[in-house]
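The primary structure of each chain is shown beneath.
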Amino acid sequence: MKIKKIMVIGAGQMGSGIAQVCAQAGYDVFLYDLKPEQIDHGMDKISKNLFRSVQKERMTEAEKSAVLARIHKTIDINDAGGVDIVIEAVVENMEIKRNIFAQLDEITPDHTILASNTSSMPITEIAAATDRPEKVIGMHFMNPVPVMKLVEIIRGLATADEVYKKVEDLTKTIGKVPVEVNDFPGFVSNRILMPMINEAIYTLYEGVATKESIDQVMKLGMNHPMGPLELADFIGLDTCLSAMEILHEGFGDDKYRPCPLLRKYVKAGWVGKKAGRGFYLYE
């Protein structure tokens, strides 16, 4: 079975980016979301990204139009019945993900691969909601998807070798670099990144330095392109908190305990750039 048609579940920041890179690689893509306005917002973001590529002469206007024509907006999850792989990119909530995968298991043909863009949740647990755990896999894209090259590919306990190979080939086809990772909480990226961000928040919480100083130390001293608090705002503090809670629960080790200041900001709705306020204020 050759992958020709793809459905992306969730038209947010990650989902729209995944849809864009798949369509740019020549695949027909169904971009699904429960909310039509979320799909429109996602398509606007894709259009702006492609427009910038045209301005920079990385693609022609005709190529931009062709990419957009390959993305089909849908609020009907039953459209998954005609695709070869589904890539889920919804909120980091295990119950929601398991419900979606159970639905997809009923709707999609037997050959369809079911992939999750989860950044830290166990693929094996998601796969257990289906009758095809051998066809369930993790595809963790980095944000922003059109720019970042890495995709962590996570095998669940039952993921078949042939499924891994097809997803690895797909990842290369869309211009990304696949890295194989085993199914542990946080995988590799978030197991290392999130505790660093959490420690930066503790450093602020304990009054060691201002947020600007903490970010400057990491940018100028460790050559990071973005400081950890600025990066947390970009990722979303709610996403950071969810990842830390998964690490804390998964390993049972207090070194992964989320900082109280992180919890306070999330409860206040100060979840970062998308909300207009996190550790920094945004217009």
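Quick caveat: nothing in here was measured; it's all calculated off a predicted structure.

Draft legend 1. Expanded view of the UniProt feature "domain: 3-hydroxyacyl-CoA dehydrogenase C-terminal" (unreviewed entry) in the protein. Per the UniProt entry, the sites bearing "domain: 3-hydroxyacyl-CoA dehydrogenase C-terminal" (unreviewed entry) are residues 186–282 in this numbering. Helix makes up 62% of residues 186–282 and strand 0%, and the two end C-alpha atoms of the span are 28 Å apart.

Draft legend 2. Layout of the nonpolar core. Of all hydrophobic cores here, the largest spans 37 residues; its most connected members are Ile 6, Leu 31, Ile 85, Met 139 and Phe 141. In terms of residues, this core owes the most to one element, helix 1 (residues 13–24), which gives six residues. In contact with Met 139, other than residues within four places in its own chain, are Ile 85, Ile 87, Ala 115, Ser 116, Asn 117, Val 151, Glu 152, Val 167, Leu 170 and Thr 171.

Draft legend 3. Here's a closer look at the layout of surface pockets. Considering only enclosed or pocket space, the second largest pocket measures out at about 180 Å³ in volume. When residues in the lining of the second largest pocket are grouped by element, the largest group, four residues, is from helix 10 (residues 237–251). Within the lining of the second largest pocket, the residues separate by chemical class into five nonpolar, one polar and three charged. Split by domain, the lining of the second largest pocket shows at least three residues from each of two domains, domain 1 (5–182) and domain 2 (189–274).

Draft legend 4. Structural view of the sheet that holds strand 2 (residues 28–32). If you trace the eight strands from one edge of the open sheet to the other, you get 3-2-1-4-5-6-7-8, paired in mixed fashion. At either margin of the open sheet sits one strand with a lone partner, and together these are strand 3 (71–74) and strand 8 (177–181). Taken over all neighbouring pairs, the strand axes of this sheet differ in orientation by 25° on average, direction set aside. Taken together, the five bridges between strand 7 (residues 150–155) and strand 8 define a ladder with parallel strand orientation. Opposite Glu 152, over in strand 8, you have Val 179 as the bridge partner. Sheet strands touched by helix 1: strand 1 (5–9), strand 2, strand 3, strand 4 (85–88) and strand 6 (136–141). Its angle to strand 2, the strand with the most contacts, is close to 170°. In the packing of helix 6 (residues 161–173) onto the sheet, the strands contacted are strand 1, strand 4, strand 5 (113–116), strand 6, strand 7 and strand 8, and the crossing angle to strand 7 comes to about 175°.

Draft legend 5. Spatial organisation of a nonpolar patch on the surface. Where nonpolar side chains cluster on the molecular surface, the patch consists of Leu 150, Val 177 and Val 179 and spans about 200 Å² of accessible area. For Leu 150, the location among the structural elements is in strand 7. Look at Leu 150 and you get partly exposed, because its relative accessible area is 30%.

Here is what the cut-offs are and how they apply
Residues numbered from 1 in each chain as written. Predicted model: local features only at pLDDT ≥ 70, side-chain atom pairs only at ≥ 80, totals over all residues. Heavy atoms only, no water. UniProt positions renumbered as here; feature names shortened; annotations may be inferred. Helix = DSSP H or I, 4+ residues; strand = E, 2+ residues; numbered from the N terminus. Core = buried A, V, L, I, M, F, W, Y, C linked by side-chain atoms within 4.5 Å. Buried < 20%, exposed > 50% of the residue type's maximum accessible area, 1.4 Å probe, protein only. Contact = heavy atoms within 4.5 Å. 1 Å grid on protein atoms, 1.4 Å probe; cavity = no way out; pocket = protein on both sides within 12 Å on 5 of 7 lines; lining within 4 Å. Points joined across faces, edges and corners; volume = space filled by probe spheres on them. Nonpolar A, V, L, I, M, F, W, Y, C, P; charged D, E, K, R; others polar. Domains from an automatic or database assignment. Pairing = 2+ DSSP bridges. Axes fitted to C-alpha atoms, helices over the stretch in contact; angles between N-to-C directions. Patch = residues over 30% accessible without salt bridge, like charges linked within 9 Å, V, L, I, M, F, W, Y side chains within 5 Å. Areas by Shrake-Rupley, 256 points an atom, 1.4 Å probe, with all protein chains shown as cover. Salt bridge = Lys/Arg side-chain N within 4 Å of Asp/Glu carboxyl O.

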